Amino acid sequence: MAAEEEKDKKKPIVIITIGMAGAGKSTFVNRINSYLGSRNKSPYVLNLDPAVATTAFEPNIDIRDTINYHEVMRQYNLGPNGGILTALNLFTTKFDQVLGLVEKRADTVDYVILDTPGQIEIFTWSASGAIITDAMASSFPTVVAYIIDTPRTKAPATFMSNMLYACSILYKTKLPFILVFNKTDVQSHDFAVEWMQDFEAFQTALASHRDTSDEDGEPTYMNSLMNSMSLVLDEFYKNLKAVGVSSMTGDGIKEFFEVVDASREEYESREYLPELERARAARDKSLQDIMGESMARLTRDLAIDKQRNPVLNETWEEEEEGDVDEGGEDNIIDRSESPWPGEYIDLTRQKGHRDNTNWPRPA
Ligand SMILES: Nc1nc2c(ncn2[C@@H]2O[C@H](COP(=O)(O)OP(=O)(O)OP(=O)(O)O)[C@@H](O)[C@H]2O)c(=O)[nH]1
């Protein structure tokens, strides 16, 4: 038992970073990456954003090495958000390989960092986001770092919306949750801490904000709603920790890691593990479902394209049943182990054509 506990202690902590577009997620990931690097504790970093043009850090596993987002958009006839979601779904079909690579490094790294797509809902409300989260959390102590743009959260209504969103993610993931108030070099997060600790302070701020009463001096519907919500959220605030950081200057990053380390105990002591064990059992099935869905959709979309576009007609032809790649190949690349060999999940090859296609890496 003692040996088992010792083994558990060595497991790295997974930090899943999520945040509204522009909250500073990528800057934050870059900052914590360099913070850990400067302490000889370089983390294992996964980039899950297929559409990001460049990352300031060098991820160990990069979705862009496996999935060409532009090609997914083209082949599936999708817009940017649909393209990101489908790319993430396809990547998720290979997530068992990702887990395997992370597990291989589990003894040598203390932290694993996941940078998620800029469009928060693509990760937080998709089946693949849930599968990735469950898969990580059932294998390693995992925390969610929710990055908040502090200067943009100063208005009580915006603050409330952000907290409601955070609340919904907390209850969905059921994982230790850290509110990371970013950009404190521009705006201190003291106001947020005060509002979280004292709902009357929030209500006072709300009342003094403009447009909170109608022409008869009565509170507007929104004002009353937010007043009531502040009472409800009072309970939610007790379940999370808040830390103020500046990803720009590095302020507060040390405190962030103190909170992360404390979350390990929370993860191990609370009731996450039995629930996550169940999630692990469901995971394999979900992976198969997602893969099936993605392939069915691909086949459907290709059939439509085939009707519309005679040129594609020549290159995308139906293949014998059973020839579809069902994710058995070792496609996920750990760049820290080998130089990037230029491999992708080749969607066209799944239909039996362009066997040797190597799509250019997104610029
Ligand atoms: N002043 C200040 N600016 C910051 C800080 N962190 C990020 N920024 C700026 O905020 C903007 C958005 O930062 P990103 O890191 O690109 O944000 P993101 O959430 O990853 O954005 P998307 O991935 O595009 O959704 C950039 O202009 C950053 O320079 C900070 O701590 N302080």
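Placed above this text is the structure.
These remarks concern the structure in this document. (Residues numbered from 1 in each chain as written. Predicted model: local features only at pLDDT ≥ 70, side-chain atom pairs only at ≥ 80, totals over all residues. Heavy atoms only, no water.)

### A short note on the nonpolar core
Inference 1: The biggest cluster of nonpolar side chains holds 66 residues, and the ones touching the most others in it are Tyr 146, Phe 159 and Leu 179.
Inference 2: Broken down by element, the residue count for this core peaks at eight residues, all from helix α9 (residues 156–173).
Inference 3: If you look at the next biggest cluster of nonpolar residues, it comprises 24 residues, including Val 29, Val 45, Val 243 and Val 259. (Core = buried A, V, L, I, M, F, W, Y, C linked by side-chain atoms within 4.5 Å. Buried < 20%, exposed > 50% of the residue type's maximum accessible area, 1.4 Å probe, protein only. Helix = DSSP H or I, 4+ residues; strand = E, 2+ residues; numbered from the N terminus.)

### Looking at the pattern of salt bridges
Inference 1: Throughout the structure, instances matching the rule amount to seven salt bridges.
Inference 2: The partner of Lys 25 in a salt bridge is Asp 115, and the shortest N-O contact between them spans 3.2 Å. Here Asp 115 lies in strand β4 (residues 111–115) and Lys 25 lies in helix α2 (residues 25–38), a separation of 90 residues in the sequence. As far as the burial class goes, Lys 25 and Asp 115 line up, both buried. (Salt bridge = Lys/Arg side-chain N within 4 Å of Asp/Glu carboxyl O.)

### Re the sheet that holds strand β3 (residues 61–62)
Inference 1: The seven strands lie next to each other as β3-β2-β4-β1-β5-β6-β7, forming an open sheet whose pairing is parallel. Bordering the open sheet on either side are β3 and β7 (241–244), each of which pairs with just one other strand.
Inference 2: Where strand β2 (residues 44–47) meets β3, two bridges bridge the pair, whose relative direction is parallel. Each bridged residue has a counterpart across the sheet, and for Leu 46 the counterpart in β3 is Ile 61. (Pairing = 2+ DSSP bridges.)

### Some details on the site of the ligand
Inference 1: Taken together, 16 residues sit near the ligand, with Lys 25, Ser 26, Thr 27, Asp 185 and Ser 247 positioned nearest.
Inference 2: A distance of 2.8 Å is found between an oxygen atom of the ligand and a backbone nitrogen or oxygen belonging to Ser 247.
Inference 3: Contact between the ligand and Met 248: an oxygen atom at 3.1 Å from a main-chain N or O atom of the residue.
Inference 4: Protein burial of the ligand: of its 650 Å² of free accessible surface, 68% is covered by the chains.
Inference 5: Counting residues per element, the shell around the ligand draws most heavily on α2, at three residues.
Inference 6: Taken together, the residues of the shell around the ligand break down into five nonpolar, eight polar and three charged. (Near = heavy atom within 4 Å. Polar contact = N/O pair within 3.5 Å; in protein donor to acceptor, adjacent residues only side chain to side chain. Areas by Shrake-Rupley, 256 points an atom, 1.4 Å probe, with all protein chains shown as cover. Nonpolar A, V, L, I, M, F, W, Y, C, P; charged D, E, K, R; others polar.)

### Quick look at α2
Inference 1: For α2, which comprises 14 residues, the first-to-last C-alpha distance of 20 Å matches the rise-based estimate of 20 Å (1.5 Å per residue) to within 8%.
Inference 2: Every buried residue of α2 is listed here: Lys 25, Phe 28, Val 29, Ile 32, Asn 33, Tyr 35 and Leu 36. Looking down the long axis of α2, one finds its buried residues gathered within 160° of arc, a one-sided arrangement.
Inference 3: Positioned one or two residues after α2, Asn 40 has a phi angle of 55°, which is positive. (Expected span 1.5 Å × (residues − 1). Arc of directions from axis to C-beta.)

Interpretation in functional terms is not warranted from these geometric data alone.
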